[in-house]
Amino acid sequence: MKFTMEWTCVMLVVLTLMHPIACTGVNDDDFAAKMEMVQRMRNINGMPVLYNAKSAQKSDTPIWGVDEVDGIFDTLLERAAAIKSTALVDLLKHFRNLWKPSQEDVFRDSEFNPEETMRYLEQETKMLVGIWALQNVSRTCLDHMERYLSDYSNSVTYARQMVHSYGDYPSLENLEFLYTTSSLGNMEECQLTKEWNPDAPFEASYCIVIYPLFDTGVYVVTGLCVPASCSATDLYQMTEGIPLAGPELIYNCVAPYPWNAGAIATLCICCGFLLIVIIGTLYHVTAHKNIQYTMSLTMEVIKEAIKKRHVENVYESALTTDDAEEVKGVDMVKSKDQSEPELQNGKGATNGHAMHVEMVESNEHFIVDTDAARKRLNKLGFIDTLLMGFSSIRNGSKILNTEQTAGSLACLNGIRVLSMFWIILGHTFSFQLGFMDDYRYPIDVIFPSFSFCVIVNSTVSVDVFFMLSGLLLTYLTLKHMKKVNGKMNWFIFYFHRLWRITPTYMIALAIWASLAIHMGEGPLKTSFFEDVADLCRERWWTHLLYINNLYPFPGDLNASCMGWAWYLANDMQFFIISPFILYLLYKKPKIGMIVIATLCLGSFGITAYLATYYGSPVWNHPAYNNNTQVVYGNPNADVIYGKPYCRIPAYLVGMVAGYIFYKQHGKPVKMSKFLNGFLWVLATGVALGVLFGPYRQPGNEFPQYASVLYLVFSRFSFAVAVAWVAFACVFGYGGPVNAFLSWGFWAPLSRITFGAYLLHPTLIYVIYLTAKSFYHVTYMQYALTFISNTVVSYFAAFLLSLFVEGPVMSIEKALLGGVGKKKIK
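Residues numbered from 1 in each chain as written. Predicted model: local features only at pLDDT ≥ 70, side-chain atom pairs only at ≥ 80, totals over all residues. Heavy atoms only, no water.

Turning next to the overall build of the protein. What the protein contains, in helices and strands, is 35 helices and three strands. By residue count, 52% of the 825 residues in the protein fall in the buried class. Long-range contacts, defined here as pairs at least 24 residues apart, represent 79% of the contacts in the protein between residues at least 6 apart. Carbon and sulfur atoms make up 61% of the accessible area of the protein, which totals about 39100 Å². (Helix = DSSP H or I, 4+ residues; strand = E, 2+ residues; numbered from the N terminus. Buried < 20%, exposed > 50% of the residue type's maximum accessible area, 1.4 Å probe, protein only. Contact = heavy atoms within 4.5 Å. Areas by Shrake-Rupley, 256 points an atom, 1.4 Å probe, with all protein chains shown as cover.)

Rendered as structure tokens:
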């Protein structure tokens with residue numbers, strides 16, 4: 001059979017998928033109605049008509065029964081296979097499936113024969129598909145496509161290579177035995193068609209076609225190789241006319257993605273941060289020492305001039321540097337690398353000496369020049385603090401410093417980093433679920449295994465973050481309140497938190513929503529990140545206001561702009577209400593503890609009610625009812641997981657632990673070895689019970705009451721267990737556990753864990769979406785992928801801290817560093 005342009009449209013689909021439309025719940029009447037509608041729209045006559053037994057009985061024309069039709073189709077399929085017409089094979093299978101289910105279905109034609117039917121099907125396909133396609137497809141694409149298929153029919157090498165790069169023909173056997181019908185083919189083989197075949201008449205482009213599988217909600221993905229002149233829109237126009245299947249097809253082609261305004265703006269902002277870091281670094285290298293020397297001379301002159309007023313420690317009160325060690329380093333005139341003025345800038349030394357001489361000449365001149373010197377000192381201090389805060393050398397050395405200061409609760413660094421590793425471990429697997437070549441092995445073997453509980457229940461690692469957040473907030477704030485006699489600047493309290501988190505958070509969101517789509521190329525990347533961009537354009541402001549876990553209510557974390565940021569919303573909401581509790585803990589501790597207990601009990605009650613009413617399951621157990629679907633129209637609606645009233649207990653555990661640390665700070669805690677050992681065993685047992693308690697062998701039910709109890713108390717219990725570990729380590733009962741968790745190696749990683757949390761999903765998805773093939777899951781592959789994801793995430797977090805977080809904090813310290821400090825008089 002000759003390949004024509006009209007057959008092109010069918011070939012695009014049928015070379016890669018079969019049309020199981022008859023299995024999707026569409027009956028013959030629906031199919032005939034759609035065909036008739038197409039006929040009316042396109043004014044085409046002679047559409048194949050399906051007759052049922054009742055209409056056939058009204059006619060004297062001979063009726064072809066099912067057996068006869070099957071025999072004819074067998075003959076047709078053999079002939080189509082002989083001429084390698086996959087398109088015709090698939091089309092014939094489609095018509096056969098429509099007739100086969102009912103024993104009364106017939107095809108009514110008095111002169112029916114295989115040859116005529118073959119010509120008839122070709123003719124109808126041309127009219128149904130070709131005319132529609134020719135109306136909207138570019139001429140170049142049509143010419144190249146016709147040439148491509150013609151050359152393939154003549155076994156030209158480049159065309160055979162293009163077809164060979166297609167994804168495998170999806171079959172129901174793959175669905176039955178591997179739980180998948182998707183295949184990407186070979187992207188590089190397609191893209192290198194012209195390079196490997198210089199005589200090829202055009203460049204080749206790799207695309208994928210996506211379409212729904214029956215009514216399962218599962219989508220099939222298959223790789224295609226087409227002329228580069230054909231866009232995804234062209235491909236859709238070509239195949240839209242295929243009955244029933246055409247309108248459901250989605251095409252994505254691998255090509256450079258156009259830069260939109262959002263991506264350009266994000267890139268400019270990132271470049272702006274890069275520029276100020278370069279400026280700060282150059283300042284650090286070239287001018288910082290000279291400025292420090294000038295400032296030290298100025299300070300010495302001021303001290304000498306006002307010595308008669310008996311003012312002490314003026315320099316430390318006036319200078320707005322942000323590190324105590326830096327203040328000490330420039331407190332006096334000379335330092336190790338500033339032994340002589342001539343080693344610095346001669347001009348600076350001369351100016352300083354001249355100022356000294358002028359200021360001792362007369363008392364009147366002394367007053368005027370002291371004011372000028374004071375202003376100059378403040379100005380230089382502000383500039384130095386600001387620009388040094390931008391320096392990559394200074395910020396990098398801070399991040400990489402492994403020294404532990406006294407009272408720093410060093411064990412919390414290890415807990416924080418290990419919890420972040422655990423989160424990445426869970427996301428490494430959960431994000432990979434859409435990119436596997438064999439789902440049956442993970443579903444039937446890995447998921448039900450006992451050890452997989454560590455992955456499934458890795459979500460409790462987020463509760464460790466909640467506990468640490470509450471602990472540090474309470475411990476540090478109460479210490480500060482004690483220092484200032486309870487006179488807190490609550491405006492600065494809130495401002496510092498917002499300024500510390502929001503800019504870095506928004507940069508990470510912008511990278512996720514607009515720049516990630518430009519990172520590499522892959523068959524699935526474009527459509528995925530286009531969906532992300534659409535969601536973020538609609539809901540980015542909910543992240544800025546930290547209400548993305550509440551709006552739209554109840555929400556779906558899988559349909560959120562930045563799904564994993566629900567944690568940041570919860571943490572900010574807890575922070576907002578914390579001053580009320582902190583004030584009570586400082587002024588009236590007993591009432592504060594009662595409030596904490598009341599909030600915990602209220603959260604338990606709400607979670608228990610929601611878990612019972614909505615039939616929420618744990619682990620991989622099915623839901624106990626469909627109330628979530630009934631009430632919200634979405635079985636994945638987030639009614640518990642991301643809600644602050646269900647997640648606050650872990651934070652409150654941290655606040656209690658922080659209060660205990662504050663009260664016991666500097667005081668020894670006496671505990672017998674027996675009690676210490678018992679509490680360690682108890683904490684370990686609780687943690688293991690939370691991780692492995694819900695495990696059941698396949699087929700064993702997990703009763704709903706147990707599920708409710710687990711959902712109510714599991715996260716709270718795990719937080720208590722980890723809080724005990726922190727307590728034991730801080731107060732000398734941690735032994736080797738404390739030595740490990742307080743290891744200096746964790747300190748640098750702990751400082752950039754916030755950035756790792758923000759960026760790791762973006763990077764993992766970029767890695768998965770730019771892969772040229774699906775992942776074949778094995779334990780070794782999973783381990784190596786987890787390690788690579790962790791390393792890449794922390795490296796990116798280091799850069800984020802160096803170029804965004806550090807400069808942002810520098811601006812705050814330069815602007816507010818002098819708040820509350822003494823003025824020079």
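So, next bit.
Let us look at the pattern of salt bridges. Going through the model one piece at a time under the given rule, you end up with ten salt bridges. Ionic pairing is found between Arg715 and Asp463, a salt bridge with its closest N-O pair at 2.8 Å. With Arg715 in helix α31 (residues 704–730) and Asp463 in helix α23 (residues 460–483), this pair connects stretches of sequence that are 252 residues apart. We note that Arg715, like Asp463, is buried. (Salt bridge = Lys/Arg side-chain N within 4 Å of Asp/Glu carboxyl O.)

With that settled, consider the side chain of Asn197. Summarising the element assignment, Asn197 is placed in the loop between α11 (193–196) and β1 (204–213). You can call Asn197 buried: its relative accessible area is 8%. There is a polar contact of 2.8 Å between the side chain of Asn197 and the side chain of Gln161. Apart from the residues within four sequence positions on either side, Asn197 is in contact with Thr157, Tyr158 and Gln161. (Polar contact = N/O pair within 3.5 Å; in protein donor to acceptor, adjacent residues only side chain to side chain.)

Taken as a whole, this structure holds 50 aromatic pairs when the rule is applied. With a centroid separation of 6.0 Å and 45 degrees between ring planes, the pair formed by Phe465 and Tyr567 is classed as tilted. Pair noted here: Phe465 is in helix α23 and Tyr567 is in helix α26 (residues 566–587), with a separation of 102 residues, a long-range link. Here Phe465 and Tyr567 have matching classes, each one buried. Site record: aromatic cluster; members linked through ring pairs are Phe465, Phe466, Trp566, Tyr567, Phe574, Tyr641, Tyr651 and Tyr757. Over the ring of Tyr641 we find Arg647, and its NZ or CZ is 4.7 Å from the ring centre. (Phe/Tyr/Trp six-rings, centres within 6.5 Å; stacked < 30°, edge-to-face > 60°. Lys NZ or Arg CZ within 6 Å of the ring centre and 35° of its normal.)

Quick look at the side chain of Asn395 now. As for its position among the elements, Asn395 is in helix α19 (residues 392–400). Assessed through its relative accessible area of 7%, Asn395 is described here as buried. Leaving out residues up to four positions away in the same chain, Asn395 has contacts with Gly389, Phe390, Leu802, Gly806 and Pro807.

A word on the nonpolar core. Counting 181 residues, the largest nonpolar core has Tyr148, Leu235, Tyr505, Phe529, Met562 and Phe718 as its most contacted members. Once you skip the residues sitting within four places of it in the chain, Tyr148 turns out to touch Tyr158, Ala159, Met162, Val163, Tyr166, Phe202, Cys225 and Pro227. Tyr283, Leu386, Met388 and Ala814 belong to the second-largest nonpolar core, a separate cluster that totals six residues. (Core = buried A, V, L, I, M, F, W, Y, C linked by side-chain atoms within 4.5 Å.)

Next up on the list: the environment of Trp541. Within the secondary structure, Trp541 sits in helix α25 (residues 525–544). Taking C-alpha positions, Trp541 is 10.0 Å from Met506, a pair spaced 35 residues apart along the chain. Setting aside anything within four residues of it in sequence, one finds Trp541 in contact with Ile547 and Tyr551. Side-chain polar atoms of Trp541 contact the backbone oxygen of Glu538, separated by 3.2 Å.

A contiguous nonpolar patch, built from Phe553, Tyr609, Tyr613, Val630, Val631 and Tyr632 and spanning about 610 Å² of accessible area, is present on the exposed surface. When contributions to the nonpolar patch are tallied by element, the ones reaching two or more residues are α27 (589–613) and α28 (627–632). Of all the elements, α28 adds the most residues to the nonpolar patch, at three residues. Within the secondary structure, Val631 is located in helix α28. (Patch = residues over 30% accessible without salt bridge, like charges linked within 9 Å, V, L, I, M, F, W, Y side chains within 5 Å.)

Turning to helix α34 (residues 753–769), a few remarks are in order. Helix length check: α34, at 17 residues, gives a terminal C-alpha distance of 24 Å against a target of 24 Å (1.5 Å per residue), a fit within 8%. Leu759 marks where α34 bends most, by close to 45 degrees; the proline Pro761 follows one to four residues later. Burial runs high along α34: 16 of the 17 residues are buried. (Expected span 1.5 Å × (residues − 1). Bend = angle between axes of the 7 residues up to and from the residue.)

Below, the discussion takes up unusual backbone geometry. With an omega dihedral of -10 degrees, the bond running from Tyr551 to Pro552 counts as a cis peptide bond. Along the chain, the position of Pro552 falls in the loop between α25 and α26. In this structure, Ser155 is a non-glycine residue whose phi angle is positive, near 60 degrees. If you trace the backbone, Ser155 turns up in the loop between α7 (139–153) and α8 (157–164). Judged by its relative accessible area of 44%, Ser155 is partly exposed. For Asn485, which is not glycine, the phi dihedral falls at a positive 60 degrees. Position of Asn485 among the secondary structure elements: in the loop between α23 and α24 (490–515). For Asn485, a relative accessible area of 59% corresponds to the exposed category.

Following both chains from N to C, one finds α24 and α26 inclined at 170 degrees, their axes separated by 12 Å at the closest point. Considered as vectors, α24 and α26 are oriented roughly antiparallel to each other. Only Leu568, Asp571, Met572, Phe575, Ile576, Ser578, Pro579 and Leu582 of α26 make contact with α24, whose side of the interface consists of Trp490, Phe493, Tyr494, Arg497, Leu498, Ile501 and Tyr505. Classifying every residue of the contact of α24 with α26 gives twelve nonpolar, one polar and two charged. (Axes fitted to C-alpha atoms, helices over the stretch in contact; angles between N-to-C directions. Parallel < 35°, antiparallel > 145°, perpendicular 65-115°, else oblique. Nonpolar A, V, L, I, M, F, W, Y, C, P; charged D, E, K, R; others polar.)

Packing of helix α29 (residues 644–664) against α31 brings their axes to within 9 Å, and their N-to-C directions diverge by 20 degrees. Here α31 runs roughly parallel to α29, going by the angle between their axes. Remark: the crossing between α29 and α31 carries right-handed chirality. Residues Arg647, Pro649, Ala650, Val653, Ala657, Ile660 and Phe661 of α29 form the contact with α31, whose participating residues are Arg715, Phe716, Ala719, Val720, Ala723, Ala726, Phe727 and Val730. Residue composition of the contact of α29 with α31, grouped by class: 13 nonpolar, no polar and two charged. (Left-handed = near helix turned anticlockwise from the far one by under 90°.)

Under the defined criterion, the tally for this structure stands at four disulfides. With its sulfur 1.9 Å from that of its partner, Cys141 forms a disulfide with Cys230. Judged by the sign of its S-S torsion, about 105 degrees, the cystine formed by Cys141 and Cys230 is right-handed. Of the two residues, Cys141 sits in helix α7 while Cys230 sits in the loop between β2 (218–227) and α12 (232–239), which places them 89 residues apart along the sequence. Accessibility classification places Cys141 together with Cys230 in one group, the buried group. The disulfide that involves Cys207 links it to Cys253, with 2.1 Å between the sulfurs. Linking Cys207 and Cys253, the disulfide has an S-S dihedral of approximately 95 degrees and is accordingly described as right-handed. Of this pair, Cys207 sits in strand β1 while Cys253 sits in strand β3 (residues 250–253), placing them 46 residues apart in sequence. You can call Cys207 buried: its relative accessible area is 0%. By relative accessible area, Cys253 is classed as buried at 18%. Once the disulfide-bonded cysteines of the protein are ranked by sequence position, their pairing pattern turns out to be 1-5, 2-4, 3-6, 7-8. (Disulfide = S-S within 2.5 Å.)

Time to look at the confidence of the model for the protein. The predicted model of the protein averages 77 in pLDDT, with 72% of residues at 70 or higher. Per-element confidence in the protein ranges from a low mean pLDDT of 29 for helix α3 (residues 53–57) to a high of 96 for α27. In this model residues 1–66 is a low-confidence stretch, pLDDT under 50, and it forms 155 contacts with partners more than four residues away in sequence or in other chains. Counting contacts from residues 310–368, a segment whose pLDDT is below 50, to residues more than four positions away or on other chains yields 83 contacts. (pLDDT = per-residue confidence, 0-100.)

Attention now goes to the environment of Ala657. Positionally, Ala657 belongs in helix α29. Distance from Ala657 to Thr474, taken between C-alpha atoms, is 8.4 Å for residues 183 residues apart in sequence. Residues in contact with Ala657, not counting those within four places in the same chain, are Leu471 and Ala723.

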